[in-house]
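Coordinate analysis (summary)
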Amino acid sequence: MHDVVFALRAVRKAPGFTAVVCISIALGVAGNNTDFSMVNATLLGALPVRDPGGLYSISSGRTFPYPDYRDFRDQCATLFDGLAGHFPLAPASLATGAGTPERVWGALVTGNYFAVVRPPLAAGRGIGPEHDQVEGRDPVVVLGDSLWRRRFGADRAAVGQTAVFNGRRYTIIGIMAPGFLGSDRGVVNEFWAPLAMRRDFVPDLIKDVEKRDTYWIGVSGRLKPGVTREQAAAALNVVHTRINQTYRKNDRHNALTLDKAGRIPGEGQGVAGLMAILMVVVALVLLIACANVANLMLARAVDRQREIGIRLAVGAGRARLVSQLLTESVILAALGAVGGFALAYAAARALSRFQLPLPIPFALDFTPDLRVLAFTAAVTVAAGVLFGIAPAILASRTDLVSALKGAAGLGIFHRFGLRNLLVGVQVTLSAVLLIAAGLFVRSLASAASMDLGIRPEGVLILAVDPRTAGYSNERLREYLRQAEERLTALPGVRSAAAVNILPLSMAQNGENFRDADADEKAGSTEANVFATTAAFFQTVGMPLLRGRAFRPQTDLDAPVALVNRALARRLFGDSDPLGRRIRDGKGKTYEIIGVTGDSKSVTLGEEVRACVYTYLPRDGAEQVLSLLGMTILVRTGGDPAAMVRPVRAEILKLDPTLAVFNVDSLSSHVSRAFLVPRLCAVLFGVFGLIGLVLAAVGLFGVVSYSVHSRTREIGIRMALGARPGAILRLVLTQGLAIVAVGLAIGLAIAAAVSRFTASLLYGVSPTDLLTFAGVPVVLLLTAVAAVVVPARRAWAIRPTDALRLE
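To keep things clear, this report deals only with the structure shown in the data block. (Residues numbered from 1 in each chain as written. Predicted model: local features only at pLDDT ≥ 70, side-chain atom pairs only at ≥ 80, totals over all residues. Heavy atoms only, no water.)

What follows covers the overall build of the chain. Within the chain, the secondary structure is distributed over 24 helices and 21 strands. Looking at the chain as a whole, 55% of its 806 residues qualify as buried. If you take every contact in the chain between residues at least 6 apart in sequence, the share linking residues at least 24 apart comes to 82%. Summed over all atoms, the accessible surface of the chain reaches about 34600 Å², with 58% contributed by carbon and sulfur. (Helix = DSSP H or I, 4+ residues; strand = E, 2+ residues; numbered from the N terminus. Buried < 20%, exposed > 50% of the residue type's maximum accessible area, 1.4 Å probe, protein only. Contact = heavy atoms within 4.5 Å. Areas by Shrake-Rupley, 256 points an atom, 1.4 Å probe, with all protein chains shown as cover.)

To continue, consider empty space enclosed by the protein. As enumerated under the stated definition, the model contains six cavities of 30 Å³ or more in all. In terms of lining residues, the second largest cavity is bounded by Leu480, Ala483, Glu484, Leu487, Ala496, Ala497, Ala498, Thr533 and Ile632. By residue number, the principal contributor to the lining of the second largest cavity is helix α14 (residues 473–488), which donates four residues. Within the lining of the second largest cavity, the residues separate by chemical class into seven nonpolar, one polar and one charged. (1 Å grid on protein atoms, 1.4 Å probe; cavity = no way out; pocket = protein on both sides within 12 Å on 5 of 7 lines; lining within 4 Å. Points joined across faces, edges and corners; volume = space filled by probe spheres on them. Nonpolar A, V, L, I, M, F, W, Y, C, P; charged D, E, K, R; others polar.)

This brings us to the packing of α14 against helix α18 (residues 644–654). The N-to-C vectors of α14 and α18 enclose an angle of 150 degrees; their axes lie 10 Å apart at closest approach. Here α14 lies roughly antiparallel to α18, going by the angle between them. Classified by chirality, the crossing of α18 by α14 is right-handed. Residues Tyr479, Gln482, Ala483, Arg486 and Leu487 of α14 pack against Val647, Glu650, Ile651, Lys653 and Leu654 of α18. (Axes fitted to C-alpha atoms, helices over the stretch in contact; angles between N-to-C directions. Parallel < 35°, antiparallel > 145°, perpendicular 65-115°, else oblique. Left-handed = near helix turned anticlockwise from the far one by under 90°.)

In this section: the pairing of strand β5 (residues 140–143). What you see with β5 is no split at all: Val140 and Val142 on one side and Val141 and Leu143 on the other are buried throughout. Across four bridges, the pairing between β5 and strand β7 (residues 168–176) is parallel. When the bridges of β7 are listed, Val140 appears paired with Thr171. Here β5 pairs with strand β8 (residues 191–194) via two bridges, running antiparallel. (Pairing = 2+ DSSP bridges.)

For Leu504, which is not glycine, the phi torsion reads 60 degrees and is therefore positive. Assignment of secondary structure puts Leu504 in the loop between β12 (493–499) and β13 (510–515). For Leu504, a relative accessible area of 2% puts it in the buried group. Positive phi values are uncommon outside glycine, yet Asn662 reaches one of about 50 degrees. If you trace the backbone, Asn662 turns up in strand β21 (residues 661–665).

This next bit is on the packing of helix α3 (residues 66–75) against helix α6 (residues 229–247). Interhelical geometry of α3 versus α6 gives an angle of 140 degrees and a closest axis separation of 10 Å. Relative to α6, α3 is oriented oblique. Every pair of crossing elements has a handedness; the one defined by α3 and α6 is right-handed. Together, Asp68, Asp71, Phe72 and Gln75 of α3 and Leu236, Val239, His240, Arg242 and Ile243 of α6 make up the contact between the two elements. A breakdown of the residues in the contact of α3 with α6 according to their chemical character gives four nonpolar, two polar and three charged.

Right, let's get into helix α22 (residues 724–753). The end-to-end C-alpha distance of α22 is 43 Å, a good match for the 44 Å that 30 residues give at a rise of 1.5 Å each. Inspection of α22 places Ile727, Leu728, Val731, Gly735, Ile738, Val739, Gly742, Leu743, Gly746 and Ala750 among the buried residues, and these make up the whole buried set. (Expected span 1.5 Å × (residues − 1).)

The next point concerns the pairing of strand β3 (residues 102–109). In terms of burial, β3 is a largely internal element, eight of the eight residues being buried. Residues Glu102, Val104, Gly106 and Leu108 of β3 are buried on one face, and the alternating residues Arg103, Trp105, Ala107 and Val109, pointing to the opposite face, are buried as well. Examined bridge by bridge, strand β2 (residues 80–94) and β3 share seven bridges and lie antiparallel to one another. Note that in β3 the partner of Pro91 across the bridge is Trp105. For β3 and β8, the ladder comprises three bridges, and the chain directions are parallel. Looking across to β8, one finds that Val109 is bridged to Pro194.

Attention now moves to the pattern of salt bridges. For the structure shown, the criterion picks out 27 salt bridges. In this structure, Asp515 engages Arg580 in a salt bridge whose closest nitrogen and oxygen atoms are separated by 3.1 Å. With a gap of 65 residues between them, Asp515 in strand β13 and Arg580 in the loop between α16 (565–572) and β17 (581–584) connect regions that are remote in the sequence. If you follow the salt bridges from partner to partner, you end up with Glu102, Arg150, Arg151 and Glu190 in one network. (Salt bridge = Lys/Arg side-chain N within 4 Å of Asp/Glu carboxyl O.)

What follows covers the environment of Leu55. With respect to the helices and strands, the residue Leu55 is situated in strand β1 (residues 55–59). Taking the C-alpha atoms as reference points, Leu55 and Gly82, separated by 27 residues in sequence, lie 9.9 Å from one another.

The following block contains the structure:
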């Protein structure tokens with residue numbers, strides 16, 4: 001306590017010094033807290049359930065067929081209190097409660113899900129084993145807290161009422177407590193229905209539940225008391241191996257693992273890799289901040305040599321002095337950490353608003369919690385010790401006689417060279433950060449200038465889901481005809497079209513195609529298949545290079561398709577593809593009537609994919625995926641936002657029971673596809689800028705102190721005839737030499753580690769010449785700006801003033 005009191009007094013005596021130190025630490029801690037908040041939200045957090053300790057997710061890098069789940073459940077019953085299955089992506093059109101029909105997402109769960117996972121209920125009860133049977137039972141549903149509040153006004157009397165999901169009445173038997181959104185981190189579930197009712201929600205995905213090659217079930221298990229994860233994993237792998245040997249003899253399967261429920265399992269390793277890169281980056285920022293503060297602490301230790309000498313003279317032990325100085329460092333770190341935590345809180349809230357270009361609700365809450373607060377405390381103590389230990393030890397080694405005479409400190413840094421070393425480290429780390437920032441900024445610029453193959457400006461998009469509503473092919477055909485007529489009749493609308501999969505939605509419908517008239521041994525190519533209406537290419541601005549688009553009058557019964565240039569080249573080389581026939585893996589044959597330009601179809605970072613466009617009114621509702629719905633596109637003559645209300649009204653007139661969802665502009669949808677390059681550019685850019693500022697402050701500090709400590713030497717030099725220009729060169733050389741050495745080392749390190757960022761870059765090499773040439777220029781200009789002020793101060797020293805000070 002005595003050390004704390006003295007430390008607080010020392011901190012109060014130097015408010016300017018305290019402010020600079022706290023700001024430096026705040027910047028370093030803020031970066032670490034922000035990244036750890038992201039790690040916590042994606043990899044570490046536990047599910048908000050009762051007794052989460054024994055709950056695990058079974059992972060093999062993918063989901064499981066239902067028969068596999070059933071074998072795990074039955075054959076490992078001695079190790080688990082229960083194994084529950086769930087499917088987290090069940091879409092529904094909810095037409096009960098307040099407001100118009102709404103697209104909502106829920107989970108389909110087995111009858112033992114609520115007993116195994118134990119999610120908290122606010123009212124009613126959960127789904128039970130009796131709901132695994134469809135026959136003779138009314139379907140039931142458990143509502144999520146947000147859906148219950150939004151559609152039923154938070155009325156507890158909703159339990160026992162019915163709600164219409166996809167045209168079928170479900171009895172509400174329970175309300176989920178706030179905070180629980182489902183078993184899969186990031187996926188937002190707003191209702192839970194029995195797995196047995198899967199045909200009401202995903203009729204196209206799970207046609208035969210007994211198939212061993214349909215992977216769709218996620219599995220969670222609760223271990224029995226006394227059973228270890230290793231024992232359970234071993235037993236599950238025995239069953240898994242037996243299943244694969246019996247039913248999938250050529251299938252190379254991954255070993256099963258048990259992950260804590262609520263964490264991203266094995267298939268989330270890409271997220272873990274990005275988090276690891278960011279954690280390294282923010283650790284570098286913290287090291288730069290600590291090196292900067294250590295320099296400041298060293299300078300302050302010299303100024304306090306007389307005070308420390310007096311304490312030693314009156315009997316203070318060196319260990320006690322080191323303890324007090326370290327206490328001061330930790331208090332300064334704590335003050336900075338408070339500001340860092342506040343900055344991290346604001347940054348994490350901002351990051352939570354980033355939206356993925358997905359048609360499903362996906363959200364991660366990066367808001368710092370108690371785990372992040374504990375991390376902050378650990379980083380605070382570590383930073384305080386890291387930047388305070390060397391100054392404390394050096395200060396405690398003060399020569400008593402010199403200190404009392406006030407002459408201490410003049411040679412301390414010349415003997416140890418510690419300040420120059422710390423600045424060199426700062427420059428090295430800053431160079432690495434700036435190279436990373438430059439690569440990602442260049443990547444974002446490259447992505448922004450990328451030719452997408454479409455013109456998204458002025459296009460309004462919205463989606464409906466006729467598949468889950470039970471539309472027949474004839475009904476869908478009539479719906480599409482009327483929708484196009486109604487929408488194109490609206491003032492300000494130039495064209496309207498529909499497509500089963502919106503480009504750049506991170507979704508694909510892959511199929512192998514080959515030349516139908518070539519030898520069957522000839523090679524095939526995989527292509528994305530889009531089912532569109534006739535005006536699709538005109539509406540999205542995709543160029544038609546050869547041939548024609550679909551014609552409603554002639555193509556309803558004709559097996560025709562358009563292909564993009566990439567597929568035409570891969571299958572037919574330089575020959576004319578028009579009139580040629582292609583055949584998919586299911587045996588369907590199409591005649592090519594047109595060739596379109598290449599475009600980005602799934603993600604920005606992909607190589608050009610082969611694409612096939614079939615006619616949606618002919619192929620019918622089977623081409624509409626229940627998870628995505630069907631997207632209607634409307635090209636307008638102005639701002640798409642101004643057309644939302646009239647377009648939505650016309651769509652609802654066609655079928656008031658169909659929910660209209662994902663209403664947006666195509667430009668906004670495309671911009672969300674830039675999430676990864678934009679996020680990387682922002683994060684690395686901010687961290688690189690912080691590192692640059694801290695390095696500049698450190699360089700300014702070390703050169704300023706050098707000028708101050710060498711005032712007498714500079715005065716003597718000038719008294720002996722040294723010109724001001726020579727003094728200026730002396731100071732500049734000292735500062736820029738440190739920068740040159742640190743920069744050379746930093747560039748070498750950056751060249752070695754930049755290859756790990758290759759998968760996150762778009763159109764930019766990890767060793768991009770412009771970045772590696774530009775960063776040294778930026779650092780050198782910053783260094784000159786940081787050094788020139790103390791250099792001018794040295795230039796202005798008058799010999800008589802310098803000698804008088806001594």
